[in-house]
Amino acid sequence: MESSSKPEAVEQDLAQEEKLLSIETPWVSRYEFLLSKGYRLRSRYRPDWKASWLDKPGTSPIDCEDSITSSREHHLDAERISDGRPVFLKHVPRTSPEIEIGRFLFSEELRKDPRNHACPVLDVLEDDNDPENVITVTPLLRPVKAPLPGSIKECVEVIEQTLEGLVFLHQHKIAHRDCALPNIMMDGRALFPKSWHPQGTYTFPNGQPMRNLHPSRTSVGGVRYYFVDFGISSRDQEKTVGFDGQVRAPELSSDVPYDPYKLDIYILGKAYERLFITDMRGADFVKLLIEYMTPEEPEERPSAAEALLRFQEMKKSLTWRTLTERTFRNNKPTETRRQKMIADFRYRISSLWWSAKPKQPPPAFT
C-alpha cells in the first residue's frame, strides 16, 4: 500500500496561504445555491471563510482540514445534508452527453440490473444564474489503484466486473470512448468504513493522514467497480470521429469515422495492461486477454461479449491456489523464498477465514 500522506495539493505553498486558489473561487459563488438544493460544501468554500489556523498560534496550515485545496476546477466534493453522505460534484455544460446518458443509465429499470457498472448520477442541479451549465451529483468513489488488488482473485473481479459493465453499455448502444484506467473507480465504503477525504485518498475526512492501513478487498467480501466520466460518450452511433480521450488508439481520427465499440475494447485492454502489468507484478495471467483485446486493426478485436466469454473460459482454469496468490506493486522489494512461503500461507489461511464469514455489501447508491 502507498505510504500515507496529505494530498499533494496541501504540500504546495499556495495551500498554506489564507486565500483560495483561482480554480476554487467559482465554487464560493455556488455555495448558497448548493445549500438550497441540499448539498453543503466544506468550510473552505463558505463565503465568509477565514483560515482556521489564523486563530491558532503556532498551528501549521497543513494540520488543518480547511487548508486542503481542490486540484480540479470543475470538480468538488460536498455533503448531502439529508443523510450526511459525501458526494462528488461536477460542473459541466448542459449539452454534455453525460447528462442524458447518466439519467438513462440510472433510470429505475436499468439501475436494478447488476451488470450496470456506470457510476450513478444521483442528481442534476440546474441554476437559473448559470443557464449554460449544470452540476451533476454522483457518489464519492475511490481510484481502482487505491489500494491495488492484492491477489489474483481480486484482479479477476476487476476484469470480470468491468467487462460485464462494458457488455451492458454496448447492449444499450452506449460507447464510453474513454474507459481508461483513471475512469475506472470503486466503491470504497467497505474498505474504509471511516471514509476518506475527497481530496486525499489516504487522508481521513478530518484531514489527518491514514497510517498503517492495509485494507483487503477479499476481507470485506469484494468491492464494486464503476465506469465514470461519460463526457465524450456516444449513444446509438455505429461510427464516430474525434481524438478526445486519454488513450491514443490507432484508429482515432477527426475525419475518418471509426467504430466506438471496438475503440472501447482497445482502451479497456490498455487499462488492464497499465494496471496489472505496468503497475503490478504477479498478474501475468491477464496478458493473453490484453493481446486479444488490443490488436492495431479494430476489425481484429473482439466484441465486449466475446471478450467477457474468453475471460470466463480463462477463469475456469484458475485453481484456488492460483486465485489466492498475492500480487504486488511493481516497486515493492522482492521477498525471499522463505518470506514468500510464510506470507502466502498466512494469506491463504486468512482467505479461508474470510470466505467462511461472508460480508454484506454496502447498500446501493440512491
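Computed from a predicted model, the values in this text were never measured in an experiment.

Reading the values: the criteria
- Numbering of residues starts from 1 in every chain and runs along the sequence as written.
- Restriction of local features to residues with pLDDT of at least 70 applies here, the model being predicted, together with a cutoff of 80 or more for giving and counting side-chain atom pairs; totals for whole chains, interfaces and linings are based on all residues.
- Water and hydrogen atoms were dropped before computing side-chain values, which therefore reflect all heavy atoms in the structure.
- Here, nonpolar core means buried Ala, Val, Leu, Ile, Met, Phe, Trp, Tyr and Cys residues that are tied together by side-chain atoms lying within 4.5 Å of each other.
- Partly exposed residues are those whose accessible area sits between 20% and 50% of the maximum for their type, while under 20% is buried and over 50% is exposed, using a 1.4 Å probe and protein chains only.
- Working definition: helices are DSSP H or I runs of at least four residues, strands are E runs of at least two. Numbering for both runs from the N terminus.
- Contact between two residues is taken to exist if any of their heavy atoms lie within 4.5 Å; hydrogens are not considered.
- The criterion for an aromatic pair is that two Phe, Tyr or Trp rings (for Trp, the six-membered ring) have centres within 6.5 Å, with stacked assigned to planes under 30 degrees apart, edge-to-face to planes over 60 apart and tilted to the rest.
- Here, a charge over a ring means that NZ of Lys or CZ of Arg falls within 6 Å of the ring centre while also lying within 35 degrees of the ring normal.
- A pair of strands counts as paired when DSSP detects no fewer than two bridges linking them.
- To get an axis, a line is fitted to the C-alpha atoms, and for a helix only the part in contact is used. The angle between two axes follows their N-to-C directions and goes from 0 to 180 degrees.
- Within this document, salt bridges are pairs made up of a side-chain nitrogen of Lys or Arg and a carboxyl oxygen of Asp or Glu, the two lying within 4 Å of each other.

### Brief notes about the nonpolar core
Of all hydrophobic cores here, the largest spans 60 residues; its most connected members are Leu163, Leu268, Phe276 and Phe285. Those elements that place two or more of their residues in this core are helix H3 (97-105), helix H4 (152-171), strand S8 (184-186), strand S9 (225-227), helix H5 (260-278), helix H6 (287-293) and helix H7 (304-316). Setting aside residues up to four positions removed in sequence, Phe285 forms contacts with Ile152, Cys155, Val156, Ile159, Phe311, Met314 and Leu318. Counting residues in each nonpolar core, the second largest holds 22 residues, with Tyr45, Val87, Leu89 and Val137 among its members.

### Notes on the packing of aromatic side chains
Applying the stated criterion across every chain yields a total of 6 aromatic pairs. Ring centres of Phe192 and Trp196 lie 6.1 Å apart, and the angle between their planes is 70°; this geometry places the pair in the edge-to-face category. Grouped by ring-pair contacts, the aromatic residues Phe192, Trp196 and Tyr202 constitute a single cluster. One residue, Arg142, lies across the ring of Phe192, its end atom 3.9 Å from the ring centre.

### Things to note about the pairing of strand S3 (residues 85-93)
Of the pairings in the sheet, the one linking strand S2 (residues 75-80) to S3 comprises 6 bridges and is antiparallel in character. In the strand pairing of S3, Asp77 is matched with Phe88. Where S2 hands over to S3, the hairpin turn is made up of 4 residues, of which Gly84 adopts a positive phi near 75°.

### Some remarks on the sheet that holds S8
Adjacent strands of a sheet form backbone hydrogen bonds with each other and so pair up, either parallel or antiparallel. Spatially, 3 strands are ordered S6-S8-S9 in an open sheet, and the strand pairing comes out antiparallel. The open sheet is flanked by strand S6 (142-143) and S9, the only strands paired with a single partner. Examined bridge by bridge, S8 and S9 share 3 bridges and lie antiparallel to one another. Within the sheet, the bridge partner assigned to Met186 lies in S9 and is Tyr225.

### Digging into the sheet that holds strand S1 (residues 39-40)
Read from one edge to the other, the open sheet built from 5 strands follows the order S1-S2-S3-S5-S4, with strand pairing classed as antiparallel. One side of each edge strand has no neighbouring strand; the edge strands of this open sheet are S1 and strand S4 (123-126). Pairing of S3 with strand S5 (residues 133-139), which is carried by 7 bridges, proceeds in the antiparallel orientation. Its bridge partner lying in S5, Val87 is registered against Pro139. Strand contacts of H3: S3, S4 and S5, with the helix running at about 135° to S3, the strand carrying the most contacts.

### A few points about the pattern of salt bridges
If you walk through the whole model with that rule in mind, you get 23 salt bridges. The closest approach of N and O atoms between Lys90 and Glu98, which form a salt bridge, is 3.2 Å. We note that Lys90, like Glu98, is buried. Two residues, Glu251 and Arg301, come together in a salt bridge whose shortest N-O distance is 2.7 Å. A residue pair is termed long-range when its members are at least 10 positions apart, and Glu251 in the loop between strand S11 (240-242) and strand S12 (253-258) and Arg301 in the loop between H6 and H7 qualify at 50 residues. Among the residues examined, Glu251 registers a relative accessible area of 13% and is labelled buried. Several salt bridges share partner residues, and in doing so they unite Arg326, Glu335, Lys340 and Asp344 into one network.

### Details of the environment of Leu163
Looking at the element boundaries, Leu163 is found in helix H4. Look at Leu163 and you get buried, because its relative accessible area is 0%. A C-alpha to C-alpha distance of 9.4 Å links Leu163 and Leu309, two positions 146 residues apart in sequence. Non-local contacts of Leu163, meaning those with residues more than four positions away in its chain, are made with Leu268, Tyr272, Leu289, Met293, Ala307, Leu308 and Phe311.

None of the figures reported here should be taken as evidence of function without further support.
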